[in-house]
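Residue-level structural notes
Residues per chain, in single letters:
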Amino acid sequence: MMRREIDISGLVDVENGVVSRELFVNSDVFDQEMENVFTRGWLLVGHESLIPKPNDYFVSRMGTESVILTRNKQGEILVLLNSCTHRGMKVCRYDQGNSAVFTCPYHGWSFSTDRERVSQPGALVGVPRSEEGYGGKLDREAWGLERCPHVVNYKGTVWANWDSAAMPFEDYLGDMRMFLDCVLDHRDGSAGGSEVIGGVQKWRVRSNWKLSAENFVGDLYHEVSHQSANLAEIGPSGGKGRRDEQRPRHAIGFPGLGHGVLGFLPHYEEPEYTASYRNDPEVEAYYREVYEARVRNLGDRMRVGMTVGTIFPNMSFHANQPRTLLLAHPISATEMEMWRYYLVDANAPAKVKDMLRHYYLRYSGPAGITESDDMENWTYATAASGGAIARRRAYNYQLGLGKERQVPGLPGAVQSGSYSEANQRIFYRRWEQFMQAEDWADLMPEPQSAAAAHGG
Ligand code: FES
Ligand code: FE
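Residues numbered from 1 in each chain as written. Chains lettered and ligands numbered in written order. Predicted model: local features only at pLDDT ≥ 70, side-chain atom pairs only at ≥ 80, totals over all residues. Heavy atoms only, no water.

1. Quick word on the coordination of the iron ion (ligand 2)
Protein-derived coordination of the iron ion (ligand 2) comes from H222 (NE2), H226 (NE2), D374 (OD) and D374 (OD), at a distance range of 2.1 to 2.5 Å. Each of the 4 donor atoms around the iron ion (ligand 2) contributes to a set of angles spanning 55 to 139°, which defines the coordination as irregular. Going along the chain, you hit the donors of the iron ion (ligand 2) in the pattern H-x3-H-x147-D. Linking H226 in the loop between α6 (209-216) and α7 (227-232) with D374 in helix α10 (residues 371-383), this pair joins segments that are 148 residues apart in sequence. (Donors = N, O, S within 2.8 Å, 3.2 Å for Na, K, Ca; no water. Tetrahedral: all angles 85-135°; square planar, octahedral: opposite > 155°, others 65-115°. Helix = DSSP H or I, 4+ residues; strand = E, 2+ residues; numbered from the N terminus.)

2. Details of the nonpolar core
The biggest cluster of nonpolar side chains holds 90 residues, and the ones touching the most others in it are F179, L180, W209, F317, Y341, Y428 and W431. With 6 residues, the single largest contributor to this core is helix α5 (residues 176-184). With residues up to four places along the chain from it excluded, the contact list for F179 reads I252, F254, V261, F264, V304, G305, M306, F317 and L410. (Core = buried A, V, L, I, M, F, W, Y, C linked by side-chain atoms within 4.5 Å. Buried < 20%, exposed > 50% of the residue type's maximum accessible area, 1.4 Å probe, protein only. Contact = heavy atoms within 4.5 Å.)

3. Some thoughts on the packing of helix α2 (residues 27-36) against helix α11 (residues 422-436)
Helix-helix packing is described using two parameters, namely the angle between the two axes and the distance between the axes. Relative orientation of the contacting elements α2 and α11 amounts to 80°, with a least axis distance of 9 Å. On the basis of their axis angle, the class for α2 and α11 is roughly perpendicular. Counting all contacts with α2, which are made through V29, Q32, E33 and N36, the residues of α11 involved are W431, F434 and M435. Across the contact of α2 with α11, the residue classes tally to 4 nonpolar, 2 polar and 1 charged. (Axes fitted to C-alpha atoms, helices over the stretch in contact; angles between N-to-C directions. Parallel < 35°, antiparallel > 145°, perpendicular 65-115°, else oblique. Nonpolar A, V, L, I, M, F, W, Y, C, P; charged D, E, K, R; others polar.)

4. Brief notes about a negative patch on the surface
A contiguous patch of negative charge on the surface is contributed by E5, E438, D439 and D442. Along the polypeptide, E438 turns up in the loop between α11 and α12 (448-453). Note on E438: relative accessible area 58%, which makes it exposed. (Patch = residues over 30% accessible without salt bridge, like charges linked within 9 Å, V, L, I, M, F, W, Y side chains within 5 Å. Areas by Shrake-Rupley, 256 points an atom, 1.4 Å probe, with all protein chains shown as cover. Salt bridge = Lys/Arg side-chain N within 4 Å of Asp/Glu carboxyl O. Lys, Arg positive; Asp, Glu negative; His and termini not counted. Charge placed at Lys NZ, Arg CZ, Asp CG, Glu CD.)

In structure tokens form, the structure reads like this:
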């Protein structure tokens, strides 16, 4: 493998809270990110509910590359690079479907996932003019599709990593896992039990992917951008109501791992129920019922809550406003493709799912009332950051600098109040490590208490 190296030293200075604009506009930095961050980090590639039956597939992305997420006839979940080994053509040009064989449209090579036919899923099984052209000697196992070595199903979400030396997924999450559970678990507090509703929304934004990741890692400071949404007061079921949780949120970050959330400090009982669906008694009854089940299920165990968060590098999630997984897929230094998956309790009544579908579309996505505010900020920031003069000035990440303190009950986490850029500093410190590391041995997190002491 050719590993291009550019010198990024001096671009990130988290101790002083400054980060160079080169991270957001420079295509050499971008190329190195694809090599050093996106082939080594754990990336979300989809959800098992998108491929419920044998041979179902869903075409996803890892970094700039197209991959096929599929469940083979034997039920194994696989991630294959969507690039023919002959001349690189995409072997699958659909968004999703059902097939055990992917046949390349260019010269007709075909690849199978079925273990009854091949020992390695993705192996080459069909070659036009095989006898006449290759004398029947083409090594079919060697010319199979590239297969991702690490694939993990975590409560229905499927994660993949190209690096066979990568740390296990659950270690990579650390205590951030508790916050991810807030979005993946059933609203009644039981583990998992969610499904993706509708299709996946996909749209392009002329912005560097990190502006999305760092926004959701813990930027409450940009609330001024959403004043119009707050003034409009459109609650989840279409009536009046606030868009956000009203309890104070804190920026909670994970030094050494790069993740962060706007969340609530660990607590031991459920906050009081707030009726939010007064104009829809059936939906209201469902939420009251799952709330009561949640109180029973969680008992007096420690729990966390969150509104938004980012798992390094590019997966963000929202627990309740609405409940979604968001990928900021890199396209170029100045463009990303956003994908939103919307989650619902798989066994919720149709009426509840329908209400949520409307709320999700109204609130999020390219036409939603809040996403459009954020996209406008990111596109104008990207456009105004690439000029020769603009590039001389670093961005400022000094908000809350030096105020980090340990989160009680979560030894690996720090918090520094609601308005802080501590999580962004933690994110960029991790980014710098990924960009500079020779291999995964250099990326193992430091012991967490030591990392917490110096705030990342
Ligand atoms: Fe796929 Fe030639 S590029 S068969
Ligand atoms: Fe926002």
